[in-house]
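Fold and geometry: a report
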There are 2 protein chains.
Amino acid sequence: MAKWLVKKEIEFVSALKNRDVKKMRSLFNNVPTVDLAIFAEKIEDVSSLMFIFKVVPSELTADFFTELNDETQEKLLNTFSDKELVELINKSYTDDIVDFLEDMPANLVTRTLRLTPKERRESVNKLLNYKEDTAASVMTTEYFELHSDITVEEAMKAIREKGKKAETIYTVFLRDEKRTLVGTVDLDDLIFADPKQTLDEIKNKEFLFTHVNTDQEEVAQKFKKYDLHALAVVNNEQKLVGVITVDDIIDVIEKEVNEDVALQSGVVPLKDEYMETKPLRMALKCAPWLIVLIIIGIFSELVLSKFQEKLAIVPALIFFIPVLMDTGGNAGGQTCGLIIRALALKEFEVKDFWKVVWKETKTAFLTGAIVSTFAFCVFMVEFSIPGLIQTELSIIQKLVVSGIVSLALLSAIILSKFVACALPFLAVRLKKDPALTSQPFVTTIVDVCSLLIYFGIFMIFFATGFFPR
Amino acid sequence: MAKWLVKKEIEFVSALKNRDVKKMRSLFNNVPTVDLAIFAEKIEDVSSLMFIFKVVPSELTADFFTELNDETQEKLLNTFSDKELVELINKSYTDDIVDFLEDMPANLVTRTLRLTPKERRESVNKLLNYKEDTAASVMTTEYFELHSDITVEEAMKAIREKGKKAETIYTVFLRDEKRTLVGTVDLDDLIFADPKQTLDEIKNKEFLFTHVNTDQEEVAQKFKKYDLHALAVVNNEQKLVGVITVDDIIDVIEKEVNEDVALQSGVVPLKDEYMETKPLRMALKCAPWLIVLIIIGIFSELVLSKFQEKLAIVPALIFFIPVLMDTGGNAGGQTCGLIIRALALKEFEVKDFWKVVWKETKTAFLTGAIVSTFAFCVFMVEFSIPGLIQTELSIIQKLVVSGIVSLALLSAIILSKFVACALPFLAVRLKKDPALTSQPFVTTIVDVCSLLIYFGIFMIFFATGFFPR
């Protein structure tokens with residue numbers, strides 16, 4: 001397949017260069033539009049690309065335009081004549097027009113809206129004004145709606161006549177006299193049904209819809225749960241205003257995951273693909289979190305500064321600071337990753353907080369017990385290899401130091417799993433994205449606590465005379 | 001919607017308790033199957049659940065059974081009579097049978113296979129033997145195939161007669177005389193076409209398919225790129241052997257993301273949902289990585305142990321160890337998260353390694369410059385607040401220490417972004433999942449390097465006499 005595409009790209013470039021009308025039309029008839037768009041994005045010269053819009057019928061180029069990246073779309077729109085722009089608008093789905101307008105400069109938006117016929121302009125404006133990440137922001141207004149009391153035969157006739165303009169006919173939406181949404185029928189059920197049955201008789205038992213302001217992540221969960229092809233979007237009066245199709249939902253899922261991954265890695269989410277984001281922009285997305293974390297990290301400095309005299313007594317305690325900090329951070333990161341993902345998938349809700357805490361506490365004790373027992377043995381082995389760790393501790397002191405570190409590890413694991421579990425819930429409570437409580441954030445907070453616990457345990461041993469001098 | 005469901009659950013429980021046949025049938029006719037399955041999973045008593053299979057027609061219960069969790073399915077299968085099991089098999093799609101057999105104990109698998117009619121048993125066995133995470137493992141064998149030279153009218157007639165058994169008729173697959181796959185037709189194109197046209201004339205220009213052994217993540221990318229409803233799966237002879245539908249792909253995307261999130265958080269991926277995983281199992285998924293990381297962390301101990309005499313000269317250097325380690329780790333985590341995600345989405349490939357490294361190097365320098373300049377100022381402010389950091393350094397020494405730490409921060413950011421960028425590519429090269437090179441892993445490796453850089457820079461200052469005594 002890939003080889004075939006490489007060949008087609010060479011043909012595309014040469015057809016463009018030689019202004020070969022016949023070849024270009026044949027490419028548009030034979031190559032997936034999204035691949036043609038990928039070829040075209042690499043062409044620097046806009047006037048070459050304009051050749052495509054001049055010679056290929058606009059039925060074929062409307063989709064092509066939609067698939068292009070923002071940059072290429074903007075260059076083209078600036079070059080289009082009014083006539084070409086009108087043709088493009090007429091052949092595009094309303095949601096596609098809205099999608100590209102959202103990323104265009106104001107003058108192009110104004111010009112495009114001016115050239116859009118009045119009724120469509122209203123839908124475009126409406127869609128442009130819906131809040132980001134809501135059901136409305138991903139819906140299309142080209143759906144297919146029928147009266148629920150007509151027969152299957154009448155419905156099929158209507159679909160043949162008027163269905164072509166709709167983005168999907170695989171789900172037909174049913175309304176009553178008051179234009180209220182009353183159900184849906186799948187196209188396959190229409191095909192298998194007796195032509196004399198009414199749509200009411202064969203409509204889906206699942207009468208599912210969503211509201212314009214519902215979060216798109218919630219809509220995606222509904223698609224997943226009910227294996228939907230399309231979902232109705234209604235307004236406050238229960239009237240159908242748009243439809244979301246499954247292909248748009250796959251993009252939603254991807255976008256939400258990208259955002260969560262970025263946030264959890266401590267990066268402000270990128271707007272474009274990785275390779276399209278310039279280094280300076282990338283640095284500006286990375287630096288803020290690092291700076292915030294350095295400020296939180298000041299507390300670690302203060303803890304160490306306060307305990308420097310104690311550290312001078314037993315310098316070996318310093319050696320274990322990295323391993324303690326890493327383990328605490330890593331243990332928290334594990335919980336954090338799982339909890340945020342489970343919250344995103346609605347595997348549990350905010351009200352399950354205590355159930356989750358209890359589960360994590362048990363997990364933390366078990367994990368801590370396994371890890372700290374193991375660590376204790378590792379430390380003793382290290383101490384017993386001559387010359388590996390340079391220290392003047394006696395064997396008993398080595399045992400006690402290993403014990404203190406292992407105990408600190410156990411406490412750090414329990415504490416960090418608790419913090420990592422509580423922070424995402426707190427974020428949801430505060431109506432923030434739980435992914436904001438990222439692993440780096442948890443790590444840095446836990447570090448301060450781990451150090452305090454570490455020195456606390458040491459102080460107890462020391463003060464009670466348990467630390468053998 | 002949610003309120004309605006709560007009401008339906010109460011009705012379900014009471015219908016079950018009162019053995020109300022009529023009510024139960026009506027529930028199965030009116031409530032989405034997946035919701036009924038969620039209600040049923042909460043019922044402990046299997047004999048109650050058996051009531052459902054005795055009174056509700058198996059057309060309705062086959063789907064219901066598929067939606068139940070493993071535990072409930074196993075309990076039910078153990079209770080089913082042979083007759084009931086045969087009925088269930090006959091009404092279920094082959095891929096659903098395979099799905100539940102995959103998680104059942106051997107005796108149940110043997111019994112089910114024994115009761116499955118011979119031809120279907122062969123398909124079931126074949127599907128059971130395909131490798132996990134391949135296209136074949138998510139495909140169904142109930143697709144709808146037609147000869148490419150028949151007319152639209154003949155095709156519609158065939159669909160009405162034989163399409164009901166197929167999992168989807170929205171995409172019809174076309175074959176030639178040799179049973180080789182030659183294309184696809186969408187149902188909507190069939191409906192809008194002239195009844196006298198042949199399928200060859202109206203088939204999709206995108207002739208897309210995938211191979212049985214293709215990775216499911218790659219298949220998901222194809223669905224996303226081409227907005228597909230269904231995709232053909234072919235064997236080595238280019239013969240159609242199965243079909244993947246978009247609803248299964250949404251599950252694939254979710255599963256792959258869950259795995260990546262778990263791996264990147266340093267957890268062995270969970271098999272079940274978070275709440276269904278027992279604490280001990282969870283601890284066993286968490287502990288291994290923590291132990292591996294403690295072993296890597298030994299190097300940090302060794303570095304500190306080697307440099308303890310130097311640390312004794314300028315104890316203030318110790319204070320900055322946490323902030324240095326955190327920043328290095330966090331900077332690496334950012335890059336790691338973005339790179340792994342971009343690799344998963346195929347935004348770039350292994351061959352783009354040097355391009356990515358170059359991009360990250362530029363980003364790292366910019367990020368490092370911003371962060372370390374800022375950090376230098378913060379350190380100086382800290383030093384100038386009386387009593388905040390307990391140290392006996394002179395002002396010039398404070399300036400130099402802040403400088404050393406900032407320089408170490410800059411180096412740590414650059415180094416860690418490089419490591420974080422290289423490791424996922426290395427994993428792909430070694431044919432491992434890039435998500436394995438998780439953030440904790442990068443953090444721990446970078447920590448060792450950051451400490452070495454830190455003391456290296458200090459030693460240079462010290463040895464060259466630049467550190468004012």
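Note that the structure is predicted; figures quoted are calculated from it, not measured.

**So, the overall build of chain A**
Of the regular secondary structure elements, chain A holds 23 helices and six strands. Computed over the C-alpha atoms, the radius of gyration of chain A is 31 Å, more than 25% above the 23 Å expected from 2.2 N^0.38 for a compact globule of 469 residues. Projecting the C-alpha coordinates of chain A onto the three principal axes gives extents of approximately 95 × 60 × 40 Å. In chain A, which comprises 469 residues, the share counted as buried stands at 57%. Per element, the accessible surface of chain A, about 20,200 Å² overall, is 58% carbon and sulfur. Computed over 54 positive and 67 negative side-chain charges, the inter-centroid distance for chain A is 1 Å.

**Observations concerning the nonpolar core**
Side chains of nonpolar character tend, in soluble globular proteins, to be buried together. Among the nonpolar cores identified, the biggest contains 128 residues, and Phe12(A), Met24(A), Ile52(A), Phe12(B), Met24(B) and Ile52(B) are the most heavily contacted of them. Apart from the residues lying within four places of it in its own chain, the contact partners of Met24(B) are Phe12(B), Ala15(B), Leu16(B), Phe51(B), Ile52(B) and Val56(B). Core analysis: the second largest hydrophobic core is formed by 86 residues, Met325(A), Leu317(B), Val378(B) and Phe458(B) among them.

**Let's talk about the side chain of Asn330(B)**
Along the chain, Asn330(B) falls in helix α20 (residues 321-344). Relative accessible area serves as the criterion here: at 5%, Asn330(B) is assigned to the buried category. Residue contacts for Asn330(B): discarding those within four places in its chain leaves Ser265(A), Leu290(A), Leu293(A), Pro440(A) and Thr444(A).

**A look at the interface of chain A and chain B**
Each partner contributes to the interface: chain A provides 129 residues, whereas chain B provides 129 residues. Together chain A and chain B conceal approximately 11,400 Å² of surface at their shared face, both sides included; 67% is due to carbon and sulfur atoms. For chain A, the biggest contributors to the area lost against chain B are Tyr170(A), Lys205(A) and Tyr274(A); these three give 7% of the whole. The interface formed by chain A and chain B contains six salt bridges.

**Topic: the confidence of the model for chain A**
A residue-level look at chain A finds 99% of positions with pLDDT of 70 or above and a mean pLDDT of 85. Interface predicted TM-score (ipTM) for the complex: 0.74; the corresponding pTM is 0.75.

**A word on a nonpolar patch on the surface**
The grouping of Leu280(A), Leu284(A), Leu366(B) and Ile370(B) at the surface amounts to a nonpolar patch, some 320 Å² of accessible area in total. Looking at the nonpolar patch, the elements that each hand over two or more residues are α17 (279-306) of chain A together with α21 (353-384) of chain B. With respect to the element layout, Ile370(B) can be found in helix α21. For Ile370(B), a relative accessible area of 30% puts it in the partly exposed group.

**As for helix α12 (residues 152-162) of chain A**
Regarding α12(A), the residues found buried are Val152(A), Ala155(A), Met156(A), Ala158(A) and Ile159(A). One face of α12(A) carries all of its buried residues, which in axial projection span an arc of 160 degrees. Facing away from the buried surface of α12(A) by more than 90 degrees, the exposed residues are Lys157(A) and Glu161(A). Where α12(A) is buried, its residues contact β1 (145-147), β2 (171-175), α13 (187-192) and α14 (199-202) of chain A together with α13 (187-192) of chain B.

**Observations regarding unusual backbone geometry**
Residue and element names in this part refer to chain A. The phi dihedral of arginine 19 is positive, around 50 degrees, even though this residue is not glycine. If you trace the backbone, arginine 19 turns up in the loop between α1 (2-17) and α2 (21-30). With relative accessibility at 39%, the residue arginine 19 sits in the partly exposed group.

**Notes on empty space enclosed by the protein**
On inspection of all chains with the given rule, the structure shows eight cavities of 30 Å³ or more. The computed volume of the largest cavity comes to approximately 180 Å³. If you go around the largest cavity, you meet 15 residues; those closest to its centre are Asp260(A), Val261(A), Gln264(A), Val261(B) and Gln264(B). Secondary structure elements with two or more residues in the lining of the largest cavity: α16 (246-264) and α20 (321-344) of chain A together with α16 (246-264) of chain B.

**Some thoughts on a negative patch on the surface**
A surface patch of like charges, here negative, comprises Glu44(A), Asp45(A), Glu71(A), Asp272(A), Glu273(A) and Glu276(A). Within the secondary structure layout, Asp272(A) lies in the loop between α16 and α17.

**Concerning the packing of helix α22 (residues 395-429) of chain A against helix α23 (residues 439-463) of chain A**
Residues and elements named next belong to chain A. With their axes 8 Å apart at the nearest point, α22 and α23 run at an angle of 145 degrees to one another. Two packed elements cross with a definite hand, and for α22 against α23 that hand is right-handed. Mapping the contact onto sequence places Val400, Ile404, Val405, Leu407, Ala408, Ser411, Ala412, Leu415, Ser416, Val419, Ala420 and Leu423 in α22 and Phe441, Val442, Ile445, Val446, Cys449, Ser450, Ile453, Tyr454, Ile457, Phe458 and Phe461 in α23. Of the residues contributing to the contact of α22 with α23, the split by class is 20 nonpolar, three polar and no charged.

What counts, and where the lines are drawn
- Residues numbered from 1 in each chain as written.
- Chains lettered and ligands numbered in written order.
- Predicted model: local features only at pLDDT ≥ 70, side-chain atom pairs only at ≥ 80, totals over all residues.
- Heavy atoms only, no water.
- Helix = DSSP H or I, 4+ residues; strand = E, 2+ residues; numbered from the N terminus.
- Rg over C-alpha atoms; globule rule 2.2 N^0.38 Å.
- Buried < 20%, exposed > 50% of the residue type's maximum accessible area, 1.4 Å probe, protein only.
- Areas by Shrake-Rupley, 256 points an atom, 1.4 Å probe, with all protein chains shown as cover.
- Lys, Arg positive; Asp, Glu negative; His and termini not counted.
- Charge placed at Lys NZ, Arg CZ, Asp CG, Glu CD.
- Core = buried A, V, L, I, M, F, W, Y, C linked by side-chain atoms within 4.5 Å.
- Contact = heavy atoms within 4.5 Å.
- Buried area = accessible area lost by both parts, 1.4 Å probe.
- Salt bridge = Lys/Arg side-chain N within 4 Å of Asp/Glu carboxyl O.
- pLDDT = per-residue confidence, 0-100.
- Patch = residues over 30% accessible without salt bridge, like charges linked within 9 Å, V, L, I, M, F, W, Y side chains within 5 Å.
- Arc of directions from axis to C-beta.
- 1 Å grid on protein atoms, 1.4 Å probe; cavity = no way out; pocket = protein on both sides within 12 Å on 5 of 7 lines; lining within 4 Å.
- Points joined across faces, edges and corners; volume = space filled by probe spheres on them.
- Axes fitted to C-alpha atoms, helices over the stretch in contact; angles between N-to-C directions.
- Left-handed = near helix turned anticlockwise from the far one by under 90°.
- Nonpolar A, V, L, I, M, F, W, Y, C, P; charged D, E, K, R; others polar.

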